[in-house]
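Residue-level structure breakdown
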Amino acid sequence: MLLETRTWEQYTTVSSSMINSGRYQASGQVMVHGEHPVTVTADRTYLRSIDVRSGWAATAHPEKIGDEILRCAEKIRSMRPIFTAQGDYSRFTDADLEYQLDRHRLRLLDERMDDGR
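The rules behind the values
- Counting starts from 1 at the beginning of each chain's written sequence and moves along it residue by residue.
- Restriction of local features to residues with pLDDT of at least 70 applies here, the model being predicted, together with a cutoff of 80 or more for giving and counting side-chain atom pairs; totals for whole chains, interfaces and linings are based on all residues.
- The basis for the side-chain values is all heavy atoms of the structure; hydrogens and waters are excluded.
- Helix and strand definitions here come from DSSP, where helices need a minimum of 4 consecutive H or I residues and strands a minimum of 2 consecutive E residues; each element is numbered from the N-terminal end.
- One less than the number of residues in a helix, times 1.5 Å, gives the span that helix is expected to have.
- Exposure categories follow from relative accessible area, calculated using a 1.4 Å probe and restricted to protein chains: below 20% of the type maximum is buried, above 50% is exposed, and the middle band is partly exposed.
- Regarding the arc, it is the one traced by the directions from the helix axis to the C-beta atoms.
- Buried Ala, Val, Leu, Ile, Met, Phe, Trp, Tyr and Cys residues form a nonpolar core when they are joined through side-chain atoms within 4.5 Å.
- Residues are treated as being in contact if the distance between any of their heavy atoms lies within 4.5 Å.

Notes on helix α1 (residues 8–19)
- Over its 12 residues, α1 runs 16 Å from end to end, which matches the ideal 16 Å to within 8%, given 1.5 Å per residue.
- Here α1 has its buried residues at Trp8, Tyr11, Val14 and Ser15. Projected down its long axis, α1 shows its buried positions confined to an angular sector of 135°, all on one face.

Here it is as structure tokens:
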């Protein structure tokens, strides 16, 4: 992804989204007294918490609870960034890619500095 960026701004945006672990929160479909009894919180890689209101859980069917958690997980999955490279980099070694990335980053930074003059 980084090798396919065209500007320094694109590079920093993509790089930040790959490194930073954003927080995502999703609630289920069920509403009880104007609130969602199931809420899931996650970051880019892990589910961090699953909150099920005890009053609702005590009366709800176990399958309904599971469905709500899965619904939340699917919502979170759709919120996370998707990283898909357009090119095929499989022929390069890790060292080759690291070298290319260093050169690309420096070129973008140089172009940005030249535009700022």
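So that's the structure; there's more coming.
Description of the nonpolar core
- Formed by Tyr24, Ala26, Val30, Val38, Val40, Ala42, Trp56, Ala60, Ile65, Cys72 and Ile76, the largest nonpolar core amounts to 11 residues.
- Among the secondary structure elements, those contributing two or more residues to this core are β1 (24–27), β2 (38–42) and α3 (62–79).
- Setting aside residues no more than four positions away along its own chain, Cys72 makes contact with Ala26, Ser27, Gly28, Val38 and Val40.
- Counting residues in each nonpolar core, the second largest holds 5 residues, with Leu2, Tyr11, Val14 and Leu108 among its members.

So, α3
- Taking 1.5 Å of rise per residue, 18 residues should cover 26 Å, and α3 covers 26 Å from first to last C-alpha, within 8% of that figure.
- Along α3, the residues classified as buried are Ile65, Glu68, Cys72, Ala73 and Ile76. Buried residues in α3, looked at end-on, bunch into an arc of 135°, giving them a common side. Turned more than 90 degrees from where α3 packs its buried face, Glu63, Leu70 and Ser78 sit exposed.
- Contact partners of the buried residues in α3: β1, β2, β3 (47–52) and α2 (54–59).

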